[in-house]
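Structure assessment
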Amino acid sequence: MPIKKIIENYPYIAYSKPILEDKAILERAKYFYEFMDTRRSVREFSNFPVAREVIENIIKTASTAPSGAHKQPWTFCVVENPEIKKQIRIAAEEEELQSYESRMSSEWLDDLKPLGTDWHKPFLETAPYIIIVFRRIYEFDDEEKKKNNYYVQESVGLACGFLLAAIHDAGLVSLTHTPSPMNFITKILNRPENEKPFLLIPVGYPAEECWVPDIKRKELEDICVFY
Ligand code: IYR
């Protein structure tokens, strides 16, 4: 079999993966589930440094996610500069203070109580990096004409999932943080109009003493139906 061919004028490459035995497939599936089940959102970070190359590889993994028409409609801004981290913390805490004090419903606040969140966001300065994920709504073609991307929300969500898995795989921890509204980020990082902030993800090592809520995950029967 050839490894390359042209189909309808477009280049294709043969896709092949080693075929595993049933037992090996099951072992890997179980192992990966058990590994991913140890991932937790962490709010207490160490300031211990992480090599930039680690972050670069994690982001390359995120960018392997599928996306609408393979447009890869995402930009990952990595903030390591302490001054910029501080500006982000101040602006995020200003919004969060208002959210917690007046914008969020009492039902919402009650739902968050077991997670112990509040408007203080020290991790935005403590973590060695904040990865800020932007969704790119449109691009400019060669004639400077706007071209919309497709399924941007879904695509960027998938890339963030890959990103969190890669962070966990590297032995680091993260938090999916969504200060609301998030337009301050666009201004601080001076991002172009076609990019909208999607998620702030502090990344680093957990603090030496790090506590996470004792949450339980839903059972398979409660999340899955076979037909
Ligand atoms: N964005 C706020 C509030 C918040 C909302 C939900 I839903 C969470 O799961 C966690 C927090 C914050 O980051 O504190």
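Residues numbered from 1 in each chain as written. Predicted model: local features only at pLDDT ≥ 70, side-chain atom pairs only at ≥ 80, totals over all residues. Heavy atoms only, no water.

To continue, consider the site of the ligand. With respect to spatial proximity, the complete set of residues near the ligand consists of Arg43, Glu96, Tyr100, Met104, Trp108, Leu112, Lys121, His177 and Thr178. Note that an oxygen atom of the ligand is positioned 2.5 Å from one of the side-chain N or O atoms of tyrosine 100. Contact with the protein chains hides 70% of the accessible area of the ligand, taken as 370 Å² for the molecule alone. Residue composition of the shell around the ligand, by class: four nonpolar, two polar and three charged. (Near = heavy atom within 4 Å. Polar contact = N/O pair within 3.5 Å; in protein donor to acceptor, adjacent residues only side chain to side chain. Areas by Shrake-Rupley, 256 points an atom, 1.4 Å probe, with all protein chains shown as cover. Nonpolar A, V, L, I, M, F, W, Y, C, P; charged D, E, K, R; others polar.)

We now examine the sheet that holds strand β8 (residues 195–204). Taking strand neighbours across the sheet as the criterion, the four strands line up as β3-β4-β8-β7 in an open arrangement whose pairing is antiparallel. Both edges of this open sheet fall to β3 (74–79) and β7 (173–174), since each of them pairs with a single strand only. Relative to strand β4 (residues 129–136), β3 is paired through six bridges, and the arrangement is antiparallel. Along β4, the bridge assignment pairs cysteine 77 with isoleucine 132. Lying over the sheet, helix α2 (residues 52–62) contacts β3, β4 and β8, oriented at roughly 165° with respect to β3. (Pairing = 2+ DSSP bridges. Helix = DSSP H or I, 4+ residues; strand = E, 2+ residues; numbered from the N terminus. Contact = heavy atoms within 4.5 Å. Axes fitted to C-alpha atoms, helices over the stretch in contact; angles between N-to-C directions.)

One turn of an α-helix holds 3.6 residues; hence residues three or four places apart share an orientation. Counted at 1.5 Å a residue, the expected span for helix α3 (residues 82–103) with its 22 residues is 32 Å, and the 29 Å between its end C-alpha atoms agrees. Among the residues of α3, those classed as buried are Lys85, Ile88, Ala91, Ala92, Glu93, Glu95, Glu96, Ser99 and Tyr100. At its buried positions, α3 is contacted by β3, α4 (106–112), α5 (123–126), β4, α7 (183–189) and β8. A distance of 2.8 Å separates the backbone nitrogen of glutamate 83 from a side-chain oxygen at the start of α3, and that oxygen is part of asparagine 81. (Expected span 1.5 Å × (residues − 1). Buried < 20%, exposed > 50% of the residue type's maximum accessible area, 1.4 Å probe, protein only.)

Turning our eyes to something else, we now look at the nonpolar core. Within the largest apolar cluster, 24 residues are counted, with the highest numbers of intra-cluster contacts made by Ile55, Phe76, Ile131, Val133, Leu163, Ile167 and Ile201. Secondary-structure elements contributing two or more residues to this core are α2, β3, β4, α6 (152–169) and β8. Ranked by the residues each element gives to this core, the list is headed by α6, at eight residues. The next biggest cluster of nonpolar side chains, apart from the first, holds 20 residues, and it includes Val42, Cys77, Ala91 and Phe184. (Core = buried A, V, L, I, M, F, W, Y, C linked by side-chain atoms within 4.5 Å.)

Take the packing of aromatic side chains next. The final tally for this structure, using the stated rule, is three aromatic pairs. Seen from their ring centres, phenylalanine 48 and tyrosine 205 are 5.6 Å apart, and the 75° between their planes marks the pair as edge-to-face. Within this pair, whereas phenylalanine 48 is found in the loop between α1 (22–36) and α2, its partner tyrosine 205 is found in the loop between β8 and α8 (220–223), the two being separated by 157 residues in sequence. Exposure remark for phenylalanine 48: the relative accessible area of 51% places this residue in the exposed category. Residue class for tyrosine 205 comes out partly exposed when judged on its relative accessible area of 33%. Plain terms: the ring middles of tyrosine 138 and phenylalanine 140 are 5.5 Å apart, the flat faces sit at 85° to each other, and that makes the pair edge-to-face. Of the residues examined, tyrosine 138 reaches a relative accessible area of 8% and is grouped as buried. Over the aromatic face of tyrosine 138 sits the side chain of lysine 146, whose NZ or CZ is 4.7 Å from the ring centroid. The ring of phenylalanine 134 has arginine 191 sitting right over it, with the charged end atom 5.9 Å from the ring centre. (Phe/Tyr/Trp six-rings, centres within 6.5 Å; stacked < 30°, edge-to-face > 60°. Lys NZ or Arg CZ within 6 Å of the ring centre and 35° of its normal.)

Attention now moves to a nonpolar patch on the surface. Side chains of Ile7, Tyr10 and Tyr12 sit close together on the surface and give an oily, nonpolar patch of about 330 Å² of accessible area. With respect to the element layout, tyrosine 12 can be found in strand β2 (residues 10–13). (Patch = residues over 30% accessible without salt bridge, like charges linked within 9 Å, V, L, I, M, F, W, Y side chains within 5 Å. Salt bridge = Lys/Arg side-chain N within 4 Å of Asp/Glu carboxyl O.)

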